[in-house]
Amino acid sequence: MTEVATARRSRITPEREAELYEAVLDLLREVGYDALTMDAVAARTKSSKATLYRQWGGKAELVARAVRYQKPGGALSEIDTGSLRGDLHALTLRSDDCEMEQNSALMRGLAMAIHGNPDLLQAFKEHLIEPEMAQFREVLQRAIDRGEVRADNPAINFVMHMMIGGFAARSLIDEQPPTQTFLLSYIDAVVLPALGAPVTC
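Residues numbered from 1 in each chain as written. Predicted model: local features only at pLDDT ≥ 70, side-chain atom pairs only at ≥ 80, totals over all residues. Heavy atoms only, no water.

Details of the layout of surface pockets
Approximately 1100 Å³ is the volume found for the largest pocket. Together, 33 residues line the largest pocket, and Lys 71, Met 107, Met 163, Ile 164 and Phe 167 are the ones closest to its centre. For the lining of the largest pocket, the elements supplying multiple residues, two or more each, are α6 (84-92), α7 (97-115), α8 (118-146) and α9 (159-174). Counting residues per element, the lining of the largest pocket draws most heavily on α9, at nine residues. Looking at side-chain class alone, the lining of the largest pocket contains 21 nonpolar, eight polar and four charged residues. One number sums up the size of the second largest pocket: a volume of about 170 Å³. Forming the walls of the second largest pocket are Met 133, Phe 136, Arg 137, Leu 140, Gln 141, Ile 144, Ile 156, Asn 157, Phe 158, Val 159, Met 160 and His 161. Looking at the lining of the second largest pocket, the elements that each hand over two or more residues are α8 and α9. Among the elements that line the lining of the second largest pocket, the one with the most residues is α8, at six residues. Here the residues of the lining of the second largest pocket sort into eight nonpolar, three polar and one charged. (1 Å grid on protein atoms, 1.4 Å probe; cavity = no way out; pocket = protein on both sides within 12 Å on 5 of 7 lines; lining within 4 Å. Points joined across faces, edges and corners; volume = space filled by probe spheres on them. Helix = DSSP H or I, 4+ residues; strand = E, 2+ residues; numbered from the N terminus. Nonpolar A, V, L, I, M, F, W, Y, C, P; charged D, E, K, R; others polar.)

So yeah, pure geometry; function would need other evidence.
Right, dumping it as structure tokens:
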């Protein structure tokens, strides 16, 4: 982030920023991305539209940052249980089943919007996808350093694809929301074997 952007955003307190993000997420669940407007966000949060544009530039960045904000606390790279299985399980357990169901519905709606909106796609890449992939690489590197995963395993490049795929396919194929139990089983049955990693801690 540039110094200008940092200074620009520092005018809003962390507490106020959290309130704004919560309001954006509520509106997204109510009306979807396409129908969400900066006017609606301004009205819901008792903010001026000029302030919102000054802080976030536009709807796409505001939404991407709000989605990033609602992810469970603590960076993935901060999880270090001593094993890859433990790390992936700890990641899964940061969200309860209710949160997963809400997030699944939200992400399905945003996935459709992303396909027709280059600005939203770019904002998601910058604020969500690329940071998450960097964190996954750190977790996998630790597993490689511990000798759990071979550095030349081709599945390393597809771990995030597998994790997102399991999350999304639960609703598409089983017509049920993802749950902790499902995702923990999926990690043990699919992700760890693909990586050649131990399925017991």
